[in-house]
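Now for the letters of each chain:
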There are 2 protein chains.
Amino acid sequence: MAQTFWTGEAAELLRVGPGFRLQDVDPAATPGTDGGKRDGAAELARSAQQLRGLQEKLFAQSRLGARERLLVVLQAMDAAGKGGIVNHVFSQLEPYGLALTAFKPPTEEERAHDFLWRIESRVPGPGVIGLFDRSHYEDVLIQRVRGFAPSDEIERRYGAILDFERRLADDGVRIVKIMLHISPQEQAERLLARLDDPEKHWKYNAGDVEERVHWASYMEAFQIAIERTTADHAPWFVVPANAKWYARAAVQRIVISELQRIDPRWPEPDFDVAAERARVAGTLELRWPA
Amino acid sequence: MAQTFWTGEAAELLRVGPGFRLQDVDPAATPGTDGGKRDGAAELARSAQQLRGLQEKLFAQSRLGARERLLVVLQAMDAAGKGGIVNHVFSQLEPYGLALTAFKPPTEEERAHDFLWRIESRVPGPGVIGLFDRSHYEDVLIQRVRGFAPSDEIERRYGAILDFERRLADDGVRIVKIMLHISPQEQAERLLARLDDPEKHWKYNAGDVEERVHWASYMEAFQIAIERTTADHAPWFVVPANAKWYARAAVQRIVISELQRIDPRWPEPDFDVAAERARVAGTLELRWPA
């Protein structure tokens, strides 16, 4: 834990436990810290090296056969700050070991398959940190709220997700599911801010207002999805996100904490170090042009 | 151009022109700057915002239909610093708009297709900066040097690459090909450094020494590939890379320069801003829990 910013373990405070009720989570709260905006930015910068060091070890050990990897699932209402999490937290990682997928509404080909078909193909390989901006949870969130799938199909999906994530976990995937939680007032302010800034117009999507009016139904769908799919091997975290600086520092802390659970190590070389040193030394006279 | 570090336009100084001879390029040179290691690191940090700003506009305009994108091809001898370029230059970009592919020796399936089959599938989409760590140039470098393909097949590939890159350019892909150029002495020192540091053992590949002894053949293959495939729509740049700080700052400057040629703009909104503002404002009273 960092020295000054965190007064409590964010990863524990934000982890969904028994009896979880979304309506009890205050989107404006900042559990685990008494800091403010400037402190949050400083903490984010300070812990970058710790995050990157863990990632590098995770990647390194996979080169010699370790299968562990991390999959982070980000879900939220529009304008809740997923993009900022990607650009301020995950951009701290080395590009080689990061696999980002931004899931869009399913294509015709994707709809012709089971809902997990397109997800499976994006599961990160050994040593890689996978990041899903939206995910298979859209299939029990917007699809439930807007009635895009029959209710018995939605019911089936909760169990299918549990089985799917269990299988990934058995194969070495540590799964972390994060809901960024904002208030409807905060969302309105952010949408208006996008409309007020010509450099942000491209981020505005008229469809967001149509989803916005279903807020209560979305919160119900989140509550159900979280309740039914949180598990020791694939926990949910609900991160208050009205304060962007808090959400970013908290997600960084959760990712660090989960990487620490994996506990990656520098791998032992599979070659004879002294012999290789002699081989390289034997070519030291090589010059070009000769 | 940045104020203090660059005394000349790196992108122009390093661009391959008529009569190019690789053996005339000094891997220890630092064309366009009188600075040193510390200045290079400072320049890299200082220009990060310019790079990211250009990337964001490129991405933004694609959301409203613009097709332009950038494809950066990195080729080099082992230990020349491709990884450092990715981790220090391209990691400055937003993950959403960066598509990195590290090409490995072709799989059995890939070998069963034409050599450009696996390349085509990794060409970046509109608005995205694609980065190839190795590429289709391996098919005229290692494959030529080691005789993995017959010489008439190697001959055929230069023309096929020209046609392929011409087609991409016609579709809005700005292609930039970069060779990081180190001396064989510098490579030996870097390989020995990897062997001396247990945290770098995982980066050491015994096969690198086997390629190393073919240095002259590799340089000949680079010379031919560069000569035969450099074009206005797909230029080659040869970057002296004995000094890592120089190579990183120079590649950053080349990428910035090429993005400036694309000249991306904030797109015009395809909606009525005032009307959308009124729609959002009409939902300002929304509360949850109600």
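Residues numbered from 1 in each chain as written. Chains lettered and ligands numbered in written order. Predicted model: local features only at pLDDT ≥ 70, side-chain atom pairs only at ≥ 80, totals over all residues. Heavy atoms only, no water.

(A) Just the overall build of chain A, in detail. Tallying secondary structure elements over chain A gives 13 helices and five strands in all. In terms of overall dimensions, chain A has C-alpha extents of about 70 × 45 × 45 Å along its principal axes. Across the 290 residues in chain A, those meeting the buried criterion constitute 56%. In chain A, 83% of the contacts between residues at least 6 apart in sequence involve partners at least 24 apart. When the accessible surface of chain A is split by element, carbon and sulfur atoms take 48% of a total near 12,500 Å². Within chain A, the 44 negative side-chain charges are centred at a point lying 3 Å from the centre of the 38 positive side-chain charges. (Helix = DSSP H or I, 4+ residues; strand = E, 2+ residues; numbered from the N terminus. Buried < 20%, exposed > 50% of the residue type's maximum accessible area, 1.4 Å probe, protein only. Contact = heavy atoms within 4.5 Å. Areas by Shrake-Rupley, 256 points an atom, 1.4 Å probe, with all protein chains shown as cover. Lys, Arg positive; Asp, Glu negative; His and termini not counted. Charge placed at Lys NZ, Arg CZ, Asp CG, Glu CD.)

(B) Highlighting the pairing of strand β1 (residues 69–76) of chain A. All names here are of chain A. Within β1, eight of the eight residues are buried, leaving the element largely enclosed by the surrounding structure. Burial along β1 is two-sided: the residues R69, L71, V73 and Q75 and L70, V72, L74 and A76 are all buried. Here eight bridges tie β1 to strand β4 (residues 173–181), and the two strands are oriented parallel to one another. Residue Q75 lies in a different strand from β4, and its bridge partner there is M179. Here β1 pairs with strand β3 (residues 129–133) via five bridges, running parallel. Within β3, the position partnered with L70 by the bridge is I129. (Pairing = 2+ DSSP bridges.)

(C) Expanded view of the interface of chain A and chain B. Facing 56 residues of chain A, the contacting portion of chain B comprises 56 residues. With both sides pooled, the region where chain A packs onto chain B buries about 5,300 Å², and carbon together with sulfur makes up 68% of that total. Broken down residue by residue, the surface that chain A buries against chain B is led by Y96(A), W202(A) and W288(A), which jointly contribute 17%. Connecting chain A to chain B are four salt bridges. Note that D196(B) and R277(A) form a salt bridge whose closest N and O atoms lie 2.9 Å from each other. Linking chain A with chain B are 20 residue pairs in polar contact (both at pLDDT 80 or more), by the criterion used here. Breaking the side of chain A that touches chain B down by element, the ones donating at least two residues are α3 (48–63), α4 (82–88), β2 (98–102), α9 (184–196), α10 (207–212), α11 (215–229) and α13 (273–281) of chain A. Classifying every residue of the side of chain A that touches chain B by side-chain character gives 33 nonpolar, eight polar and 15 charged. (Buried area = accessible area lost by both parts, 1.4 Å probe. Salt bridge = Lys/Arg side-chain N within 4 Å of Asp/Glu carboxyl O. Polar contact = N/O pair within 3.5 Å; in protein donor to acceptor, adjacent residues only side chain to side chain. Nonpolar A, V, L, I, M, F, W, Y, C, P; charged D, E, K, R; others polar.)

(D) Geometry of the packing of helix α2 (residues 37–46) of chain B against helix α12 (residues 244–262) of chain B. Residues and elements named next belong to chain B. Two numbers describe how α2 lies on α12: the axes approach to 8 Å, and their chain directions differ by 30°. In terms of orientation, α2 and α12 fall into the roughly parallel class. For α2 against α12, the interelement crossing comes out left-handed. Contacts from K37, G40, E43 and L44 in α2 reach W245, R248, A249, Q252 and R253 in α12. Considering only residue class, the contact of α2 with α12 consists of three nonpolar, two polar and four charged. (Axes fitted to C-alpha atoms, helices over the stretch in contact; angles between N-to-C directions. Parallel < 35°, antiparallel > 145°, perpendicular 65-115°, else oblique. Left-handed = near helix turned anticlockwise from the far one by under 90°.)

(E) The packing of aromatic side chains, seen in detail. All names here are of chain A. Taken as a whole and judged by the stated rule, the model has 16 aromatic pairs over all chains. Geometrically, the ring pair formed by F5 and W6 is edge-to-face, given 4.8 Å between the ring centres and 85° between the ring planes. Of the two residues, F5 and W6, neither departs from the other in class, the shared state being buried. Between W245 and Y246, the aromatic rings sit 6.2 Å apart at their centres with planes inclined by 90°, giving edge-to-face as the arrangement. Each member of the pair, W245 together with Y246, is buried. Of the aromatic side chains, those joined through ring pairs into one cluster are F5, W6, W245 and Y246. The positively charged end of R63 is found above the aromatic ring belonging to F59, 4.2 Å away from the centroid. (Phe/Tyr/Trp six-rings, centres within 6.5 Å; stacked < 30°, edge-to-face > 60°. Lys NZ or Arg CZ within 6 Å of the ring centre and 35° of its normal.)

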